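Now for the letters of each chain:
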Amino acid sequence: MSKRKLLLVGNGMAGVRCIEEIIKLSPDRFEITVFGTEPHPNYNRIMLSSVLQGDTSVDDIVLNSYEWYAENNIRLYTGETVITIDTEKKIVFTDKNRSFAYDDLIIATGSNPFILPLPGADKQGVIGFRNIEDCETMIRAAEKYQRAVVIGGGLLGLEAARGLLNLGMEVDVVHILDHLMERQLDPTASVMLKTELEKQGMNFLMNHHTEAILGKKRVEKIVFKDGKIVKADLVVMAVGIKPNIALAKASGIETNRGIVVNDYMETSAPDIYSLGECAEHREMVYGLVAPLWEQAKVLAKKICDCDAEAGYQGSILSTKLKVSGVNVFSAGEFIDSSDTKAIRVQDDFEGVYKKIVVRNDKVVGAVLFGDTTESTKLLNMINNGVSVAEIEKVNILQSTDQQTGESIVASIADEEIICGCNGVSKGDIVAAIKTNNLSTVSEIKDCTSASRSCGTCKNLVGELLEHTLGEAFEKTEEKETICACTDLTHEEVVAAIREKGLSHTREVMNVLGWQTEEGCSKCRPAINYYLGMVHPIDYEDERESRFVNERMHANIQNNGTYSVVPRMYGGVTNAADLRKIADVADKYEIPLLKITGGQRIDLLGVKKEDLPGVWKDLDMPSGYAYGKAIRTVKTCVGENFCRFGTQDSIGLGIALEKKFERLNTPHKVKMGVSACPRNCAESSIKDVGIIGLDGIWEVYVGGNGGTDLRSAELLCKVKTADEVLEVVAAFLQYYRENAKYLERTSHWLERVGLDHVKAVVIDDGTARAQLAERMELALAALIQDPWKDFIKNSKKQEELFQTTSLQLS
Ligand SMILES: Cc1cc2nc3c(=O)[nH]c(=O)nc-3n(C[C@H](O)[C@H](O)[C@H](O)COP(=O)(O)OP(=O)(O)OC[C@H]3O[C@@H](n4cnc5c(N)ncnc54)[C@H](O)[C@@H]3O)c2cc1C
Ligand SMILES: NC(=O)c1ccc[n+]([C@@H]2O[C@H](COP(=O)([O-])OP(=O)(O)OC[C@H]3O[C@@H](n4cnc5c(N)ncnc54)[C@H](O)[C@@H]3O)[C@@H](O)[C@H]2O)c1
Ligand code: SF4
Ligand code: FES
């Protein structure tokens, strides 16, 4: 039976979550294609506040990597916007003049920030806060400018303001009303919040109505209705959001504030569904993630023809402010009304305020400030309409452990939600712990998604783990296992491979009692690496256990094309190679040639089916730009041409690259060789960096120029290039044998310490010689260049391009 074509418009949190649910229910039912305007895979938008506040990086908030799409056979078009839908012919049209037919279509286009239509709102430096680009704009502005104004004292405005303060800016928050977060807090909590944030350095302009934004090209000042003026180098508008309904409207689908859907997320057009912030259900549009998870489950069941039961019934909203040092929670109806009664506890000494709102003996809303321990319990009471008639009212506001000495998790029912951000219940977590023998919070995160987003439920998840494991908890908590498929750590798996002589992946999994049949995308590449490292001569690399870029020998790009980087030893090229590259670029219409940071030429935008032809015509070795392997050796000009040069940096760089090329390592390894301390090859931020002085080479290790910037540390000084090669061989072999898979040299060195590495690699001559010997063995066993191997081997071509037949001319 041919698969139905499922198109998702909107590569964001709601849409992709729905695809995940669909794949769980019916993995082979659909041929899936996803379009996203943003040039990124799906990421955790919630965490942008944490990125801005410096608590995490953009790389760490990716929810579904490009590999995930490839592994699930999902065609992804990033940077491409669907502009209209022909609902009769069932075709979508994109801004790249392409059209795609569908059987089923999901619209999950989210929201746009509301930008106040003020004079001057189009000036440079006036932005919303919605995506990675906005976040990066703020980070860049903070490097150059001093004064930021955030308009809007809601959740987003306050989280943005905290981030800008962390970035060193002075921040004014302009709020139109008397009270901050009036949509979530009562006046008492709001005043306490303002006091706390003022202590943190935020300045508030309450009751201020912005009239205009002034400045030449860039914003310089803002003016208020009362004539007051404040200086501003950056203005962030956080005054609410508008559902993004442009596509639905342009396509004749019924819209109101959002895209109108029924309880099964069906729109007015046949086979078109909608969910997330763009959808309007029973006259409600939501601006938080919890409702989206419920909608995603219902829609996945509907679209897979499973019983979607009563459908989506709407959600009760709850929020937590993500500003460090401030605990604020709000849920349901938090303002008193004539038919409600409230229980309040206020402790001005401790800065704690708790209020619950009760109607007809049922909790219908709550506000907590200062101590939010009870948030999960209260949210579940609200969601489940629990009667409090028989409960001593004030006890509801006390931790269960204060009353009974027991952890709060004991009193939570199985169906109650522990992680609101990801919709994970206590029952889900307990079942995951028991079925998969989970022993850490991080394993629970991998397995269930609980604590994957804002992280405020982490403590509760930890308590639940402790409660579920009981006696066993202490013993296992600190252990960092490879993944949820096993209880074993990286070190234990490597030791077992050595001791038991295990020689292939299946054997490792069977003998070591893996809890899943096929392993997962974390353990399979790791086992494959460890087997190759332990048995360099006999082990046959398992291509299917490698990440998609390594399987393809090229880097997949955000539009589904590939980038190809040929090797240029030491960053040195010649006229013949440049001519070949130019001819290949012309022949295959390669849209972009770019010099990389490692001094190589990157051919970007190569079509998958052109890869073999490109490799054949280039007739150059692979630069391994896609591999967990030795990447580039960057060199400076050195003594041959530079007047400061003391040594032959190019010669040494080429020798290093030729010696170690194609070597598999736990993570990528970059090197640099400079011929004087001016360090033009940036040796001090390389995994291995060499700096030449008169008659001496200094060898530095553990540097990193990426997200976790780290200076390399001096390992040793040697006199000759041969000694450099020997020391580097010993260092790399020690790293290969002892680091965890996917651990960069910088993290590994921080974990084990430079002194330890020096003691083995430098001070102990015997150990160094043995390491260098084992390195020689590994180098001798290296396969030939993968591109050359590939163009000669038709079986490999078939495997690689299962669906595309290739003719090599
Ligand atoms: C900084 C910040 C912090 C937040 N913190 C929290 C929090 O702590 N808790 C919480 O519950 N919620 C929070 N939210 C809200 C939460 O992120 C959203 O509710 C959620 O992302 C909505 O998901 P969505 O898929 O509906 O929309 P989005 O995640 O916005 O995804 C929609 C995607 O569709 C794309 N798109 C739009 N039109 C088209 C088109 N025509 N063609 C192709 N692609 C298109 C958009 O570019 C976008 O990438 C926060 C939001 C922000 C901005
Ligand atoms: N922690 C979280 O849960 C979290 C964090 C960030 C964003 N979000 C979500 O993202 C969305 C956007 O957040 P938001 O804070 O922009 O929306 P919001 O609607 O919650 O708050 C906007 C605030 O701006 C104020 N405002 C409106 N017009 C104004 C004006 N002219 N001048 C000054 N103030 C004005 C409003 O009074 C309101 O308090 C919301 O759906 C929110 O729930 C949630
Ligand atoms: S590092 Fe020194 S020798 Fe090398 S190019 Fe720069 S200045 Fe010249
Ligand atoms: S509540 Fe936010 S990650 Fe769990």
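Keep in mind that what you see is a predicted model, and the values were worked out from it rather than measured.

*Asks:* Is there a simple way to think about the overall build of the protein in this case?
*Replies:* Counting its secondary structure elements, the protein contains 27 helices and 36 strands. Here the protein holds 809 residues, and the buried ones make up 53% of them. The contacts of the protein with a sequence gap of at least 6 include a subset with a gap of at least 24, amounting to 62%. A total of about 35,900 Å² of accessible surface is found on the protein, and carbon and sulfur atoms cover 48% of it.

*Asks:* What's the story with the site of ligand 3 in this structure? I'm lost.
*Replies:* Near ligand 3, the surroundings consist of C636, V637, G638, C642, F644, G645, S674, A675, C676, R678, N679 and C680. Residue composition of the shell around ligand 3, by class: seven nonpolar, four polar and one charged.

*Asks:* Can you help me understand the sheet that holds strand β7 (residues 104-107) in this one?
*Replies:* Note on sheets: strands pair through backbone hydrogen bonds, and any given pair is parallel or antiparallel. On the basis of which strands lie adjacent, the open sheet formed by five strands has the order β3-β2-β1-β7-β19 and parallel pairing. Every other strand in the sheet has two partners, leaving β3 (75-78) and β19 (272-274) as the edge strands with one partner each. In this sheet, neighbouring strand axes are inclined to one another by 15° on average, regardless of whether the strands run parallel or antiparallel. Relative to β19, β7 is paired through three bridges, and the arrangement is parallel. From the neighbouring strand, I106 faces β19, where its bridge partner is Y273. Relative to the sheet, helix α1 (residues 13-25) contacts β1 (4-9), β2 (30-36) and β7, its axis offset from that of β1 by approximately 155°.

*Asks:* Sorry if this is basic, but what is going on with the site of ligand 1 here?
*Replies:* Around ligand 1 sit 30 residues, and of these A14, E38, R130, E277 and K322 come closest. T37 places a side-chain nitrogen or oxygen 3.1 Å from a nitrogen atom of ligand 1. Within the side chain of R130, an N or O atom sits 2.7 Å from an oxygen atom of ligand 1. When isolated, ligand 1 has an accessible area of 990 Å², and the protein chains bury 91% of it. Secondary-structure elements contributing two or more residues to the shell around ligand 1 are α1, β2 and α8 (289-303). Counted by class, the shell around ligand 1 contains 12 nonpolar, 12 polar and six charged residues. Composition of the shell around ligand 1 by domain shows at least three residues from each of domain 1 (4-110 + 243-303) and domain 2 (126-239).

*Asks:* I would appreciate a short explanation of the nonpolar core in the present structure.
*Replies:* As a rule of thumb, nonpolar side chains are buried together in soluble globular proteins. Formed by 101 residues in total, the largest nonpolar core has its most connected members in L158 and L193. The element that contributes the greatest number of residues to this core is α8, accounting for eight residues. The residues touching L158, leaving out its near neighbours within four places in the chain, are G152, G153, V173, L180, M181, L193, L197, M202, F204, L321 and V323. Of all hydrophobic cores here, the second largest spans 39 residues; its members include V633, Y735, L771 and M775.

*Asks:* I tried to follow the pattern of salt bridges on my own but got confused; where do I start?
*Replies:* A side chain of one charge can pair with a side chain of the opposite charge when the charged atoms of the two come close. On inspection of all chains with the given rule, the structure shows 40 salt bridges. Close ionic contact of D104 with R4 constitutes a salt bridge, the shortest N to O distance being 2.7 Å. Residue D104 is located in strand β7, and its partner R4 is located in strand β1; the two are separated by 100 residues in the primary sequence. Here R147 ties to D172 by a salt bridge, and the two come within 2.9 Å at their closest N and O atoms. Placement of R147 in strand β10 (residues 147-151) and of D172 in strand β11 (residues 170-174) is noted, with a sequence separation of 25 residues between them. Exposure remark for R147: the relative accessible area of 22% places this residue in the partly exposed category. Taking the relative accessible area as the measure of exposure, D172 reaches 4% and is therefore buried. Here the salt bridges do not stand alone but share partners, grouping D186, D336, R344 and K355 into one network.

*Asks:* What exactly am I supposed to notice about the packing of aromatic side chains here?
*Replies:* To describe a pair of aromatic rings, you give the distance between the ring centres and the angle between the ring planes. What the rule picks out here adds up to 13 aromatic pairs. A network of ring pairs unites the aromatic residues F731, Y734, Y735 and W748 as a single cluster. Above the plane of the ring of W293 lies R17, whose end atom (NZ or CZ) is 4.3 Å from the centre. A cation sits over an aromatic face here: R678 above F644, 3.5 Å from the ring centre.

*Asks:* What am I meant to see in the pairing of strand β22 (residues 328-332) here?
*Replies:* Counting buried positions over the five residues of β22 gives four, a clear majority of the element. As paired strands, β22 and strand β25 (residues 362-369) are joined by five bridges and run antiparallel to one another. If you follow S330 over to β25, its bridge partner there is V367.

*Asks:* How should the environment of E182 be read in this particular structure?
*Replies:* Positionally, E182 belongs in the loop between β11 and α6 (187-199). Not counting residues up to four positions away in its chain, the partners in contact with E182 are H175, L177 and F334. Side-chain polar atoms of E182 contact the side chain of H175, separated by 3.1 Å.

Basis of the calculations
Residues numbered from 1 in each chain as written. Chains lettered and ligands numbered in written order. Predicted model: local features only at pLDDT ≥ 70, side-chain atom pairs only at ≥ 80, totals over all residues. Heavy atoms only, no water. Helix = DSSP H or I, 4+ residues; strand = E, 2+ residues; numbered from the N terminus. Buried < 20%, exposed > 50% of the residue type's maximum accessible area, 1.4 Å probe, protein only. Contact = heavy atoms within 4.5 Å. Areas by Shrake-Rupley, 256 points an atom, 1.4 Å probe, with all protein chains shown as cover. Near = heavy atom within 4 Å. Nonpolar A, V, L, I, M, F, W, Y, C, P; charged D, E, K, R; others polar. Pairing = 2+ DSSP bridges. Axes fitted to C-alpha atoms, helices over the stretch in contact; angles between N-to-C directions. Polar contact = N/O pair within 3.5 Å; in protein donor to acceptor, adjacent residues only side chain to side chain. Domains from an automatic or database assignment. Core = buried A, V, L, I, M, F, W, Y, C linked by side-chain atoms within 4.5 Å. Salt bridge = Lys/Arg side-chain N within 4 Å of Asp/Glu carboxyl O. Phe/Tyr/Trp six-rings, centres within 6.5 Å; stacked < 30°, edge-to-face > 60°. Lys NZ or Arg CZ within 6 Å of the ring centre and 35° of its normal.

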